[in-house]
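A look at the structure
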Amino acid sequence: MLAQRTLKTLTRAVGVGLHSGERVELTLRPAPPDTGIVFRRIDLPQPVDIPVNAQSVTDTRLASTISRGDVKVRTIEHLMSACAGLGLDNLYIDITAEEVPILDGSASSFVYLLQSAGIEPQKAPKKFLRVLKPVEVSEGEGEQIKWALLTPHHGFTLSFEIEFHHPAVDATGQRVEFDMGSGRYSRDIARARTFAFSRDVETMRANGLALGGGLDNAIVMDDTKVLNADGLRYAEEFAKHKILDAIGDLYCIGHPMLAAYSAFRSGHALNNQLLRALLAQADAWELVSFEHARQAPAGFAELARAW
């Protein structure tokens, strides 16, 4: 059968939160089958577990935040993207603050951490959420429209188009397609960094955001150019980061998807609305497993390649 996966051993990371600027420690630990991805706030007098699912996402302003009561974990999307890219089903994530560390602004550091701990198959079938009919959400009209769409597909593909009207962005590829069955997540998507405009940074900081951001963990642009001395990592890094985010946002549904995702100018909020719209239609999805790996979509049975 195509089995669920967890880590072979634990691994740790230390960094700062992108928005909070606070120091935070992560411990990533193996978890039993059917656990899912569970964040555990261990800095509190009584530790609180927050399982990741579409309903636990309670704030989508500039990041995806999950909550349980008054307890939160912010900016989970890059780590969730890495888990999806490596096919990890079950994981405990102990965290000592309210926000996941930003590290280098991409998912690549998380990929390295997870792969260094090793990935282990478990004695339980991997459960996929298969989309059975199209589901779409949109926002705005005319030139302001944004939308995201899921359609049936035997595999998981993503297509994303951005539109920022900025010289540095316009000079790059603004539409990217990616097939998760290709085995190239680590190489082609994971290293794409989050980005921001310098004119917005002071406003964000005045509102208690981006306090941990800088040129070492984000692409920063002024009115005409990229300010990072090393430039871009990919020719389409801006659009690829939106794909990276979407992979993490969609994995918050609790299972790997069998679907084709396409989006125009979508973000964390619309991605979560898409998941909720899908789950609200009982005839739009089903959970499936594969008794034989050969029945699964091409590339899904193999462990993700390293760089």
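Our subject in this report is the structure included herewith. All values derive from a computational prediction rather than experimental measurement.

The next thing to look at is the overall build of the chain. Counting its secondary structure elements, the chain contains 7 helices and 19 strands. At 18 Å, the chain has a C-alpha radius of gyration in line with the 19 Å of a compact globule built from 307 residues. With the principal axes as the frame, the chain shows a C-alpha extent of 55 × 50 × 40 Å. Within the chain, buried positions represent 55% of all 307 residues. Across the chain, every contact between residues at least 6 apart in sequence was considered, and the portion connecting residues at least 24 apart equals 75%. By element, 49% of the accessible surface of the chain is carried by carbon and sulfur atoms, the whole surface being about 13300 Å². Put simply, the chain has 32 plus and 38 minus side-chain charges, and the middle of one group is 5 Å from the middle of the other.

A full pass over the atoms with the stated rule returns 18 salt bridges. Between R187 and D188 there is a salt bridge; the shortest N-O distance is 2.8 Å. When the shortest N-O distance is used, the salt bridge between K240 and E236 registers 3.8 Å. Taking relative accessible area as the criterion, K240 reaches 12% and is therefore assigned buried. Among the charged side chains, a network of salt bridges with common partners joins R184, R187 and D188.

Below, the discussion takes up the nonpolar core. Counting residues in hydrophobic clusters, the biggest one holds 84 residues, and the most contacted among them are F39, L158, Y185 and Y261. Sorting elements by how many residues they give to this core places helix 6 (residues 237-251) first, with 8 residues. Ignoring anything within four residues of it in the chain, the contact list for F39 reads V48, D49, I50, V52, I66, V73, I76, L79, M80, I93 and V100.

Let's shift gears to a negative patch on the surface. There is a patch of like negative charges on the surface, built from E143, E161, E163 and D170. Positionally, D170 belongs in helix 3 (residues 167-170).

Moving on: the environment of D59. Inspection of the secondary structure puts D59 in strand 6 (residues 57-59). Sequence-distant contacts of D59, that is, excluding residues within four places in its chain, are made with S64 and T65. Here the side chain of D59 touches R61 through a polar contact of 2.7 Å, side chain to side chain.

Here we take up the packing of helix 1 (residues 77-85) against helix 2 (residues 108-117). Two elements in contact, helix 1 and helix 2, have axes separated by 8 Å at closest approach and are oriented at 45°. Judged on the interaxial angle alone, helix 2 and helix 1 are oblique. Crossing geometry of helix 1 relative to helix 2 is assigned as right-handed. In contact with H78, L79, A82 and C83 of helix 1, helix 2 contributes F110, V111 and L114.

Non-glycine residue D34 carries a positive phi angle of around 65°. The topology assignment puts D34 in the loop between strand 3 (23-30) and strand 4 (37-41). The backbone of T75 sits at a positive phi, close to 60°, despite the residue not being glycine. Its location among the elements puts T75 in the loop between strand 8 (71-73) and helix 1. By relative accessible area, which is 5% here, T75 ends up buried.

Conventions adopted
Residues numbered from 1 in each chain as written. Predicted model: local features only at pLDDT ≥ 70, side-chain atom pairs only at ≥ 80, totals over all residues. Heavy atoms only, no water. Helix = DSSP H or I, 4+ residues; strand = E, 2+ residues; numbered from the N terminus. Rg over C-alpha atoms; globule rule 2.2 N^0.38 Å. Buried < 20%, exposed > 50% of the residue type's maximum accessible area, 1.4 Å probe, protein only. Contact = heavy atoms within 4.5 Å. Areas by Shrake-Rupley, 256 points an atom, 1.4 Å probe, with all protein chains shown as cover. Lys, Arg positive; Asp, Glu negative; His and termini not counted. Charge placed at Lys NZ, Arg CZ, Asp CG, Glu CD. Salt bridge = Lys/Arg side-chain N within 4 Å of Asp/Glu carboxyl O. Core = buried A, V, L, I, M, F, W, Y, C linked by side-chain atoms within 4.5 Å. Patch = residues over 30% accessible without salt bridge, like charges linked within 9 Å, V, L, I, M, F, W, Y side chains within 5 Å. Polar contact = N/O pair within 3.5 Å; in protein donor to acceptor, adjacent residues only side chain to side chain. Axes fitted to C-alpha atoms, helices over the stretch in contact; angles between N-to-C directions. Parallel < 35°, antiparallel > 145°, perpendicular 65-115°, else oblique. Left-handed = near helix turned anticlockwise from the far one by under 90°.

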